[in-house]
Every structure is written in structure tokens, then in C-alpha cells.
Amino acid sequence: MIEISTDHPALKGLFDPHIPNSPALWAVLEGRHSGVALVHRAHNPEQCVLRTDAALTYLSTQTRQAFLDASIQHLRRRGPVWLVWPHHSRLEPPPDGRAAVVHRLEFYDCDPQSDTLIQWCERLPDGFEIRPIDAPLFQHCEWREEMAFYAGSEENFLAQDIGLCLLNGEEVLAEAYASALGNALAEIGATTRQPHRGRGYAPIACAYLIQDCHQRGYQAYWSCDADHSASIRVARKLGFRRERPYTIYEYETLA
């Protein structure tokens, strides 16, 4: 087992571009976020297990069971491993009776020019504003720490990812983020401040974000836990036309 740079030219061709949670994987492979790549050999590798700095972990299409098991054990000595499980994998998740099994849903195929998104944009209340997140505004955002975690730092989020806020004056009502950009996809999500929930502010902010991502050459992608009913409702309100279940196996750090 060998650790190589995530910008190794062979790595991109080893992974299924349609693996669940793929924007976070490709954000690393394209150099926007950081991670660790393990391969069985440095020259012409055929097997790879890649962990992002945010713990999401992916296996290449030709990974074999023994290499997967050994790689997960190795990576768990560095931190938790959230193994994104491929659809219809021929392998078995590495055994650990304490691993949490998290059922997820992913949403994709959202038309950025659909009537649905246009109508959500038109629902922006008079006097309210959609503002890009810059460094000063980021300090007032509820999800600042979460976005810094997924991007590696606040500075990297501001340099590499996208965020918008819905404001009434200087009050932040809702935040919408594209927290990982890769392979022409942008993983988006949103939060609304507690006193303002139930008013449609999250889909309004996301509609503007989806259009912003489209102008930059990215299609929107959404994922959430399968029991997160509020997140699922927002995704469906935005008009994602396809959804698919998948699983993450969460392994704790090894002492």
C-alpha cells in the first residue's frame, strides 16, 4: 500500500464518475480540496481508496476486497472514515460491528432554467437581497464551521466554493452553499435561521445558487440523510428530477 498525491494523473480514470457523493471526490481529484490517496502501486495504479480531509472515502472501480479492507484500517489510524458505498458493488464493506450505517438520498438532474426555479427566484420578497458570501459576511453565517471543515479551511472555501445569503437589511435569514465543485457538478445545501423557517427562504436562496452554479459550468447536486424530511422537501421543491438511495458506512478512528 502506497500513499500518492491526489493530483496523480492516473487517479481520475480509476473512479466511477457517477459514484454517490461524487462532487466531494472530484473536488479533491481536481485540486480544490485536499485528501489522501492509497494505491497498490505508484506506477500505473489500478486500485485506489481516497479519503477527503472531511472523512468521505471512496473506492475505485477495480478495487479488490483485500486492498479495501487494508486501506480502511490504515486510514482509520488517521481519523474517522465515512465510506461512500458504490451502487451495486461486488465487494463487502470492511467488517466492524460498531460501524454506523447511514442511509442517504441523492438528487440530481435539476434544470437551471426551469419554470420552477424561475418562480422561486421571483418569490424573493421586496426589500430582501441575495448576496454572495465574502469573508466579512462569512463570519455571520451559521454554517461557517461546517463549510470550513468540508473545504479544509475558511480561506479555501472562499477561494474554491460558492455561497449565497438571503438577507433582510443586514440580517441573514438563509444560507445556500455549493460546498464541493467537481466533474461539472456542484453539491448544494442550505439552512434557514430558526425564527424564519417555513417561509420558503431556503428554496429561494438555492434557486439563485443553482443558477449561479450553472453560469459557472456546474449542474446542481443534492444529498442528505434519508430521514432528513426538511432537506428532502427542499430538494423536491427545487425540481430535481432524479433521486437515488445510497449508503455511507461510518467507521470510528482506531486508537
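Scroll up for the structure.
Presented here is a report on the structure given in the accompanying data block. Note that the structure is a prediction, hence the values are computed from the model and not measured.

## Section: the layout of surface pockets
In this model, the largest pocket occupies a volume close to 1,100 Å³. Lining the largest pocket are 44 residues, and of these Trp143, Gly189, Ala190, His228 and Ser231 sit closest to its centre. Here the element with the most residues in the lining of the largest pocket is strand E10 (residues 185–192); it accounts for 6 residues. Here the residues of the lining of the largest pocket are counted per class, giving 22 nonpolar, 13 polar and 9 charged. As a volume, the second largest pocket reaches approximately 220 Å³. Lining the second largest pocket are 16 residues, and of these His18, Tyr108, Asp109, Leu185 and Tyr221 lie nearest its centre. Broken down by secondary-structure element, the contributors of at least two residues to the lining of the second largest pocket are strand E6 (100–108) and strand E11 (219–225).

## A short note on the sheet that holds strand E9 (residues 171–182)
A sheet is described by the order of its strands in space; here 12 strands give the open sequence E1-E2-E3-E4-E5-E12-E6-E11-E10-E9-E8-E7, paired in mixed fashion. Both outer strands of the open sheet, strand E1 (2–4) and strand E7 (128–132), are each paired with one neighbouring strand and no more. If you compare each strand with its neighbour and ignore which way they point, the axes differ by 30° on average. The pairing of E10 with E11 spans 3 bridges and is parallel. Paired with Leu185 across the bridge in E11 is Gln219.

## Some remarks on the state of the cysteines
Inspection of every chain in the model, using the stated rule, returns 0 disulfides. In this structure Cys206 is not part of a disulfide, and its nearest cysteine sulfur, from Cys110, lies 9.6 Å away. Free cysteine Cys224: the closest other cysteine sulfur is in Cys206, separated by 12 Å. Here Cys224 falls in the buried class, since its relative accessible area comes to 3%.

## Considering helix H1 (residues 22–29)
Of all 8 residues making up H1, 8 are buried, and the element is well covered by its neighbours. Taken together, the buried positions of H1 are Ser22, Pro23, Ala24, Leu25, Trp26, Ala27, Val28 and Leu29. Considering only its buried residues, H1 is in contact with strand E2 (35–39), strand E3 (48–52), strand E4 (56–59), E9, E10 and E11. A positive phi of about 85° marks Gly31, the residue just after H1.

## Focus: unusual backbone geometry
We note that Asn183 has phi near 55°; this positive angle belongs to a residue other than glycine. Residue position: Asn183 is located in the loop between E9 and E10. Even without being a glycine, Ala184 presents a positive backbone phi close to 65°.

## Quick word on helix H7 (residues 201–215)
If you check H7, its first and last C-alpha atoms are 22 Å apart, about what 15 residues at 1.5 Å a residue would give, namely 21 Å. Judged by how many residues are buried, H7 sits mostly within the fold: 11 of 15 residues are covered. By the burial criterion, the buried members of H7 are Tyr201, Ala202, Pro203, Ile204, Ala205, Cys206, Ala207, Leu209, Ile210, Asp212 and Cys213. In the segment just after H7, Gly217 is the residue with positive phi, at about 95°.

## Describing the pairing of strand E5 (residues 81–85)
Of all 5 residues in E5, 4 are buried, a share of seventy percent or more. Two strands pair when backbone bridges link them, and E4 and E5 are joined in this way by 2 bridges, in the parallel orientation. Looking across to E5, one finds that Thr57 is bridged to Leu83. With respect to chirality, the unit in which E4 leads through helix H2 (residues 65–76) into the neighbouring parallel E5 is right-handed. Strand direction decides the pairing type here: E5 and strand E12 (residues 242–251), joined by 5 bridges, are antiparallel. Bridge pairing in E12 places Val81 opposite Tyr251.

Here is what the cut-offs are and how they apply
- Residues numbered from 1 in each chain as written.
- Predicted model: local features only at pLDDT ≥ 70, side-chain atom pairs only at ≥ 80, totals over all residues.
- Heavy atoms only, no water.
- 1 Å grid on protein atoms, 1.4 Å probe; cavity = no way out; pocket = protein on both sides within 12 Å on 5 of 7 lines; lining within 4 Å.
- Points joined across faces, edges and corners; volume = space filled by probe spheres on them.
- Helix = DSSP H or I, 4+ residues; strand = E, 2+ residues; numbered from the N terminus.
- Nonpolar A, V, L, I, M, F, W, Y, C, P; charged D, E, K, R; others polar.
- Pairing = 2+ DSSP bridges.
- Axes fitted to C-alpha atoms, helices over the stretch in contact; angles between N-to-C directions.
- Disulfide = S-S within 2.5 Å.
- Buried < 20%, exposed > 50% of the residue type's maximum accessible area, 1.4 Å probe, protein only.
- Contact = heavy atoms within 4.5 Å.
- Expected span 1.5 Å × (residues − 1).
- Right-handed = clockwise from strand over helix to strand, strands pointing away.

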